[in-house]
Amino acid sequence: MKTNILILSTMFFSVVGIAQKDEIKTADKALKSGDAMAAKTALDGASSLIASADEKMQAQYYFLRGTAYAELAKKGTAGAFDEAISSFKKVSEVEEKSGKAKYGSDAKEKLSGMTADLINSAVEDNNNKNYEEAAGKLYMGYQLSPQDTVYLYYAASSAVNGGHYEKALKYYNELKDLGYDGGGMVYKATNVSTGEVEEMEKTQRELMVKSGAYKDPVDEKTPSKTTEIVKNIALIYTQLGQDDNALEAYKDARAKDPKDVNLILNEANLYYKMGDKEKFKALMAEASEVAPDNPDLFYNVGVINMEQGLIEDARKAYKRAIEINPGYVNAQLNLSTTYVNEGNGLIDEMNSLGNSKKDIARYDELKEKKDSLFRDGAIILEDALKLNPDNQSILSQLKNIYGALGDNENFLRLKKLTGE
């Protein structure tokens, strides 16, 4: 009885082995005919018992599986790149264990070829604004080709574009740990027949210039991306609300580029958020010293102060921006808005007053103050209008101020100028 059981057991495994071989043969034929999906289906049929097969069959199975998924990846099948890569890597694991190499070199070659497919697919994903998928593929491309660190850099950029900050942070920190610089040299020359400047490899450029087809070779140095990376790390920590990590990152970023005004402003804003107003003011002053003639800097200083409710400091910054650039429309609009907002801030108290003699006197006092603030806002925009007479934002805001003041004559004048 025991003998019969052993015989039946042996027969069972023999039949299973034959079935596995048939599925693998079917998959091989399907791939040769260009039907990757049929190959996948056949291999799925052999997958449950492949662990019990010998190493040779396992290596063939994973090689065919990797090939099938690599083809499916090119057609856009979700998750196919992951499956292909893991299968090809499994080939090497199996053959290293067995000591017999048959499919390993082909698997490595296919893995190498997949890098280009991943990058091309990532470019398409970015164009379609599928940023998370693009980031994942670029990171896989970097893992397959670690010497091409630029793929990791682009993976981080794609993750940021999609708002996937934790993933971007992981990639940026990896770049930082690697000491990635990203700078380099770009080689260009002018195409004689078209007159267009083209970028190419250095050796190719030299040959084309010697041939006479190109002229005027130019070497352009691309800037280092180190500062950008540490800056983005700091900004992402801020975005994630990890203030202590953000401050440490700002220290690194400032050490790389102590004169970066936007870094100073961002760090200042973080200190304000954390309640350290003295540090905030010191950094704002530092920013002003770093770029004393930069109107954009003073505009940004004004915006930050305005957001923090520091109206007088905001006005001072906006006025400096306008002094440097008299036609700075956004600074003029915001400066005017500080007066309008201050005037609007008096309305609640005005509405809360009663009909007593004291309340009426207080109402008249507040109304005069409000109207005076509105007129200050109007004067700023009337001056702005002299340099930008057709700016619709200025015209619209000025019209609204005159409407709130009850100045019907000027209201109708501005209404006409806006084309209403």
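Going by the annotation in an unreviewed UniProt entry, the name recorded for the chain is Photosystem I assembly protein Ycf3, with Arenibacter algicola given as the source organism.

A few words on the environment of Ser87. Here Ser87 lies in helix 4 (residues 80–98). Note: C-alpha distance between Ser87 and Tyr61 (26 residues apart in sequence) is 8.8 Å. For Ser87, the contacting residues outside a window of four places in its chain are Tyr62, Arg65 and Gly66.

The next subject is the packing of helix 13 (residues 277–290) against helix 14 (residues 295–307). Two quantities define a packed helix pair, namely the angle between the helix axes and the distance between the axes. Taken N-terminus to C-terminus, the directions of helix 13 and helix 14 make an angle of 165 degrees; their axes are 10 Å apart at the nearest point. Here helix 13 is positioned roughly antiparallel relative to helix 14, judged by the angle of their axes. Crossing handedness for the pair helix 13 and helix 14: left-handed. Residues Phe280, Met284, Ala287 and Ser288 of helix 13 touch helix 14, and the partners they reach there are Leu297, Phe298, Val301, Ile304 and Asn305. Here the residues of the contact of helix 13 with helix 14 are counted per class, giving 7 nonpolar, 2 polar and no charged.

With 12 residues, helix 7 (residues 150–161) should cover 16 Å at 1.5 Å per step; its first-to-last C-alpha distance of 17 Å lies within 8% of that length. Every buried residue belonging to helix 7 is among Tyr151, Leu152, Tyr153, Ala155, Ala156, Ser157, Ser158 and Ala159, and all of these are buried. At the exit of helix 7 stands Gly163, carrying a positive phi of roughly 75 degrees.

Our next topic: the nonpolar core. Counting residues in each nonpolar core, the largest one holds 62 residues, and the members touching the most others are Tyr172, Leu265 and Leu297. Broken down by element, the residue count for this core peaks at 8 residues, all from helix 12 (residues 261–273). Once residues within four sequence positions are removed from consideration, Leu297 is found in contact with Val261, Leu265, Ala287, Ser288 and Ala291. Core analysis: the second largest hydrophobic core is formed by 27 residues, Tyr62, Ala68, Tyr69 and Ala80 among them.

One pass over the structure, following the stated rule, counts 22 salt bridges. Here Glu174 makes a salt bridge to Lys170, at a shortest N to O gap of 3.9 Å. Highlighted residues: Glu174 and Lys170, both in helix 8 (residues 165–178), separated by 4 residues, approximately one helical turn. The partly exposed category is assigned to Glu174, whose relative accessible area is 22%. Judged by its relative accessible area of 43%, Lys170 is partly exposed. Between Glu349 and Arg362 there is a salt bridge, with its nearest N and O atoms 2.9 Å apart. Residue Glu349 is located in helix 17 (residues 347–352), and its partner Arg362 is located in helix 18 (residues 357–387); the two are separated by 13 residues in the primary sequence.

Right, let's talk about the packing of helix 6 (residues 131–144) against helix 7 for a bit. Their axes nearest at 8 Å, the elements helix 6 and helix 7 cross at an angle of 165 degrees. The orientation of helix 6 relative to helix 7 falls into the category roughly antiparallel. Where helix 6 crosses over helix 7, the handedness of that crossing is left-handed. Taken together, the residues of helix 7 that come into contact with helix 6 (itself represented by Tyr131, Ala134, Ala135, Leu138, Tyr139, Gly141 and Tyr142) are Tyr151, Leu152, Tyr154, Ala155, Ser158, Ala159 and Asn161. For the contact of helix 6 with helix 7, a count of residues per class yields 11 nonpolar, 3 polar and no charged.

Those residues carrying the UniProt feature "repeat: TPR" (unreviewed entry) are residues 227–260 and 295–328 in this numbering. As annotated, residues 295–328 has a helix share of 79% and a strand share of 0%, and its two end C-alpha atoms lie 8 Å apart.

Reading the values: rules and limits
- Residues numbered from 1 in each chain as written.
- Predicted model: local features only at pLDDT ≥ 70, side-chain atom pairs only at ≥ 80, totals over all residues.
- Heavy atoms only, no water.
- Helix = DSSP H or I, 4+ residues; strand = E, 2+ residues; numbered from the N terminus.
- Contact = heavy atoms within 4.5 Å.
- Axes fitted to C-alpha atoms, helices over the stretch in contact; angles between N-to-C directions.
- Parallel < 35°, antiparallel > 145°, perpendicular 65-115°, else oblique.
- Left-handed = near helix turned anticlockwise from the far one by under 90°.
- Nonpolar A, V, L, I, M, F, W, Y, C, P; charged D, E, K, R; others polar.
- Expected span 1.5 Å × (residues − 1).
- Buried < 20%, exposed > 50% of the residue type's maximum accessible area, 1.4 Å probe, protein only.
- Core = buried A, V, L, I, M, F, W, Y, C linked by side-chain atoms within 4.5 Å.
- Salt bridge = Lys/Arg side-chain N within 4 Å of Asp/Glu carboxyl O.
- UniProt positions renumbered as here; feature names shortened; annotations may be inferred.

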